[in-house]
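Remarks on the overall topology
Residue strings, one per chain:
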Amino acid sequence: MSHRFVRYFLTLTFALAVASAQSRPIPRLIKQDGKFRFMVDGKPFLILGGQVGNINAYPDLMERDWPGFKAMNLNTVEYPVYWNVIEPEEGRFDFSGFDRILTGVRSQGLRAILLWFGTWKNGAMDWTPNWVKANPQRFARVIDSGGHPIRSLSPMSKVTLEADRTAFVAMMKHLREVDEADRTVIMVQVENEPGSLGSVRDFSPESNQLFAGPAPAPLVAALKKKPGSWKEVFGRIADEAFNAYYLSSYINEVAKAGKEVYPLPAYINVWNGGYGTNDNFERFDRPGETYPSGGAVAHMLDLWKANAPSIDAIASDNYHQNPITYLEVMNSYTRPDNPLLIVETGAGIAARGFFYAVARYAAVGFGLMGGDWSGAPSGPDQANVGADFRLGQAALPAITELQGTEKLKAAVEERGTGARNLIFTNYDVMVRFHPPARGAAAASPGVFAATAAEPSGRVLVAELGADEFLVMGFGSAVEFRPVQGSDYTAAQLLSNEQGVYQNGVWKTTVHGETAQGDYTGPIVNLPETGALVKVKLMRY
Ligand code: DGJ
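An account of the accompanying structure is given in this report.

Moving on to the sheet that holds strand E16 (residues 427-433). Hydrogen bonds between backbone groups are what pair the strands of a sheet, and the pairing can be parallel or antiparallel. Pairing within the open sheet is antiparallel, and its 4 strands lie in the order E15-E16-E19-E22. Bordering the open sheet on either side are strand E15 (419-423) and strand E22 (523-526), each of which pairs with just one other strand. Sheet twist, expressed as the average angle between the axes of neighbouring strands with direction ignored, equals 20°. Pairing between E15 and E16: 5 bridges, direction antiparallel.

Rendered as structure tokens:
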């Protein structure tokens, strides 16, 4: 090969690489017209996520999961990057496993969220390298109120911060080098359920001295409180607030430094607790005891928001099985300064949780904690979320377009609820869950759907136009009626099509029927196995 040809070839390769990097804009979490949007490839995206088990993010194990991810209809896989694996000796980085996993995830057509298991993992330090664990003199641990070190690093330590930040930055720099053109990784979680489990705060002499002093003026001002000592400003939650302040400062520094080399959206996740949110355990619900102290639990959100501007979203993990608490948690984390993002949820309620999250709280992402994904979905609960994601993928452009508006609503079955009414511009919509079959057979009690262990009726209704709706869901009948007080008293179906959005364009797969019963209005039936249906109506 001549030199000229080689030069031409290299220039062409470089130009293609640049063009490809340019053709995929960096993912961004933005607020537009008062609504949060997660932009991936320049388009609004909804994370339909699955999280790999804590000890499963090794290449061999992950590669066994590919069919499981597909079966669950994920578009994003969330997996840990272990500090102790990428930096086994201080200053020596090994990204071989990292690269193999990333290439594999990309080859599956999936996007990824990296979970940085650094200083904190569930309030402890288990994924720090041994050179950190074995050197408590250098990497200070939290000292509990009895004067004993615990299995959690102190957020007060600048030395530990420096070590974590160095490793995180090395990872982000490497990620940029190997993924900028593809943007497989769309978000990064900084630490995992950070906080101190085992003590409400660090009681080392230096820390005690700071605690006795004034609460920092900028924090006090941002929270619109009166200056004073930590106790005076924060009262009974002073110890927790103190820990949250140092923890949020620390994590903000790590995130900020990482974004300086590769500005992907960064978020933290939360082991929630306090003020009655921890309803799974018969224990007093206290920071450092039932949940890691200093994390961004609901009553620490204002503090975290004020003190960690480099964190784009605060995502509470939501494992509650009681719908009241499940909704309370989503409510607390949906704020004008915070989009709802769920990266960990699971079991029974999750399939319904998805409908609430997407329609009522305009979530930018919903991720299921899956552990080992190598087999078939682990039981009906997981399979139900997989079915949600199948429809979610099919409806994604319409959902992301209408989230955060009055045009997207959910009707979700709960115990004691047979139907829900939804109000739209020109129509009232009634969603009946598991309605009895119509006609002669309806007289026999045997035709009622058996009561499932978990309520399973769940429906999204999206108003696409004056007389056009997208209906997505399971086990329900959706009836339309013109709003009261309009010029119309009745409606009928013009078309009823099952289908899917492909590259943003609706494609009909099944033409449904438009006939309707004599005594009802137009009804769309959604089978227990689920359907996505576009309907056109007319009013008369
Ligand atoms: C919450 C943690 O963030 C996850 O890493 C995992 O340990 C789950 N708990 C366990 O279900």
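The next subject is the pattern of salt bridges. In the structure shown here, the tally under the stated rule is 26 salt bridges. A salt bridge links lysine 173 to glutamate 177, with the shortest nitrogen-to-oxygen separation between them at 3.6 Å. Separated by 4 residues within a single helix, lysine 173 and glutamate 177 lie in helix H7 (residues 158-179), roughly one turn from each other. The partner of aspartate 312 in a salt bridge is lysine 259, and the shortest N-O contact between them spans 2.7 Å. One end of the pair, aspartate 312, is in the loop between helix H12 (301-307) and strand E11 (313-316); the other, lysine 259, is in helix H11 (residues 238-261), with 53 residues separating them in the sequence. Since its relative accessible area comes to 26%, aspartate 312 is described here as partly exposed.

To continue, consider the sheet that holds strand E20 (residues 491-502). Read from one edge of the open sheet, 6 strands run E14-E17-E18-E23-E20-E21, paired in antiparallel fashion. The open sheet is flanked by strand E14 (408-412) and strand E21 (505-511), the only strands paired with a single partner. When strand polarity is set aside, the average angle formed by the axes of neighbouring strands in this sheet is 35°. The pairing of E20 with E21 spans 6 bridges and is classified as antiparallel. Pairing of glutamate 497 across the sheet is with histidine 511, part of E21. The strands touched by helix H14 (residues 350-360) are E14, strand E17 (458-465) and strand E18 (468-474); relative to E14, the strand with the most contacts, the crossing angle is about 155°. In the packing of helix H15 (residues 380-402) onto the sheet, contacts are made with E14, E17, E18, E20 and strand E23 (531-539), and the angle to E18 comes to roughly 160°.

What follows concerns the packing of helix H8 (residues 205-212) against H11. Between H8 and H11, the least distance of the axes is 11 Å, while the angle of their chain directions is 110°. Relative to H11, the element H8 lies roughly perpendicular. The chirality of how H8 crosses H11 is right-handed. Here Ser207, Leu210 and Phe211 of H8 come into contact with H11, specifically with Ala238, Asp239, Phe242 and Tyr246. A class-by-class count of the residues in the contact of H8 with H11 yields 5 nonpolar, 1 polar and 1 charged.

Procedures and definitions
Residues numbered from 1 in each chain as written. Predicted model: local features only at pLDDT ≥ 70, side-chain atom pairs only at ≥ 80, totals over all residues. Heavy atoms only, no water. Pairing = 2+ DSSP bridges. Helix = DSSP H or I, 4+ residues; strand = E, 2+ residues; numbered from the N terminus. Axes fitted to C-alpha atoms, helices over the stretch in contact; angles between N-to-C directions. Salt bridge = Lys/Arg side-chain N within 4 Å of Asp/Glu carboxyl O. Buried < 20%, exposed > 50% of the residue type's maximum accessible area, 1.4 Å probe, protein only. Contact = heavy atoms within 4.5 Å. Parallel < 35°, antiparallel > 145°, perpendicular 65-115°, else oblique. Left-handed = near helix turned anticlockwise from the far one by under 90°. Nonpolar A, V, L, I, M, F, W, Y, C, P; charged D, E, K, R; others polar.

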